[in-house]
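Here is what each chain is made of, one letter per residue.
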Amino acid sequence: MSASEVAIEFKDVGLTFPSAAGDAVVALDNVRCRFAPGKVTAIIGPSGCGKSTLLQIARGFLAPTRGSLRFFEISNAAGTVPRPAMSIVWQEFNLFPWLTVMENVTFGLELRGVPRAERDARAHKAISAVDLSGFESKYPRQLSGGMKQRVGIARALVMEPDVLLLDEPFGALDAQTRLVLQEQLASLVETSGTTAILVTHSIDEALLLADTIIVMTARPGRIAEEIDVALPRPRSMATTHDPNYAVLFDRIYGLLRDEVMRAMVIESGGQS
Ligand SMILES: Nc1ncnc2c1ncn2[C@@H]1O[C@H](COP(=O)(O)OP(=O)(O)OP(=O)(O)O)[C@@H](O)[C@H]1O
Ligand SMILES: [Mg+2]
């Protein structure tokens, strides 16, 4: 990959959380990976292997204790910028309960000083992209879990980020709602060409959405393998019938199974 094909590069990144009790946690070790513009990269790995930590480092909320990050110049509406603009969608919807759907979605734009008329126009576009037109004046308590998460996605989209970071965005939803939202997100990323990094526990979600899947090892998190997902687009539930789907699924499951077993040993205090 040449520089113009890379949005963010992790160069031997490590992060150790200090602990007052003395037993520091090595969350990430020697992470080397690249995220390509216009592509969706899924990160999958056992619980506690450092996936959220990796996302927080990309976003700039956490600083690596070893190694460095490199951002490549990106051309967007603001011209050529040295660092891509990023928005995060969290697993727990994190909406402001006292604000309406419209106010939740426009909140970030208001902080940025975007004028009212532009805020409203952009919010209507983002709300319509997640099929929530007509719900602008509702409060989060009046919405189902799936709808709340669609507001979470609209709130990220409205910022028109160069890179969309998704941390288990559908983890808190029931299985059927999750399937529908996964398909909607697949079509959204296919039409918008957004660069996205998706953390997920679901192999199916990764195969539906991603161009590349990064499988991480049990803690300390390292990259176990990077897998290209050469499945045709547009993808939907029908993609699961593609003969390549089963091959990719088995390969990822094999890698994950070993790592999840290792994570269970580490969690129970044994040696890996
Ligand atoms: N602020 C913190 N202080 C100390 N340790 C932390 C902190 N945040 C995370 N950790 C530890 O770092 C490791 C990686 O955490 P992280 O949340 O990145 O894992 P994860 O892969 O996102 O897990 P999950 O799949 O359960 O969301 C875990 O062992 C976690 O307990
Ligand atoms: Mg996490």
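Residues numbered from 1 in each chain as written. Chains lettered and ligands numbered in written order. Predicted model: local features only at pLDDT ≥ 70, side-chain atom pairs only at ≥ 80, totals over all residues.

## Here we look at the environment of Ala238
Phase 1: Tracing the backbone through its elements, the reader meets Ala238 in the loop between strand S11 (223-228) and helix H7 (243-267).
Phase 2: Expressed as a C-alpha distance, the spacing of Ala238 and Leu208, which sit 30 residues apart in the sequence, is 9.9 Å. (Helix = DSSP H or I, 4+ residues; strand = E, 2+ residues; numbered from the N terminus.)

## Regarding helix H4 (residues 145-157)
Phase 1: In this model, H4 (13 residues) spans 18 Å end to end at C-alpha, consistent with the 18 Å of a helix rising 1.5 Å per residue.
Phase 2: Among the 13 residues that make up H4, 11 are buried, leaving the element largely enclosed by the rest of the structure.
Phase 3: Buried positions along H4 lie against strand S7 (86-89), helix H2 (101-111), helix H3 (116-129), strand S8 (163-167) and helix H5 (175-192). (Expected span 1.5 Å × (residues − 1). Buried ≥ 20, exposed ≤ 12 C-beta atoms within 10 Å, placed from the backbone. Contact = placed C-beta atoms within 7 Å.)

## A short note on the site of ligand 1
Phase 1: Around ligand 1, a shell composed of Phe17, Val25, Ala27, Ser47, Gly48, Cys49, Gly50, Lys51, Ser52, Thr53 and Arg219 is seen.
Phase 2: Listing elements by their share of the shell around ligand 1, those giving two or more residues are strand S2 (25-35) and helix H1 (51-59).
Phase 3: Among the elements that take part in the shell around ligand 1, H1 stands out by supplying 3 residues, more than any other. (Near = placed C-beta within 6 Å.)

## Quick look at the domain arrangement of the chain
Phase 1: What the domain assignment lists for the chain is domain 1 (3-85 + 163-267) and domain 2 (95-160).
Phase 2: Relative to domain 2, the C-alpha centre of domain 1 lies at a distance of 25 Å.
Phase 3: Broken down by element, the residue count for the side of domain 1 that touches domain 2 peaks at 3 residues, all from H5.
Phase 4: For the side of domain 1 that touches domain 2, the class distribution of residues is 9 nonpolar, 1 polar and no charged. (Domains from an automatic or database assignment. Nonpolar A, V, L, I, M, F, W, Y, C, P; charged D, E, K, R; others polar.)

## A look at the sheet that holds strand S9 (residues 195-200)
Phase 1: The 6 strands are arranged S7-S8-S9-S3-S10-S11 in an open sheet whose pairing can be described as mixed. Across the chains shown, the open sheet's two edge strands, defined by having one partner strand only, are S7 and S11. Along the sheet, successive strands turn relative to each other by an average axial angle of 15°, direction set aside.
Phase 2: Alignment of strand S3 (residues 40-44) against strand S10 (residues 212-216), held across 4 bridges, turns out to be parallel. Bridge assignment links Ile44 to a residue of S10, and that residue is Val215.
Phase 3: Across the sheet, H7 is in contact with S3, S10 and S11; its angle to S11 comes to roughly 170°. (Pairing = 2+ DSSP bridges. Axes fitted to C-alpha atoms, helices over the stretch in contact; angles between N-to-C directions.)

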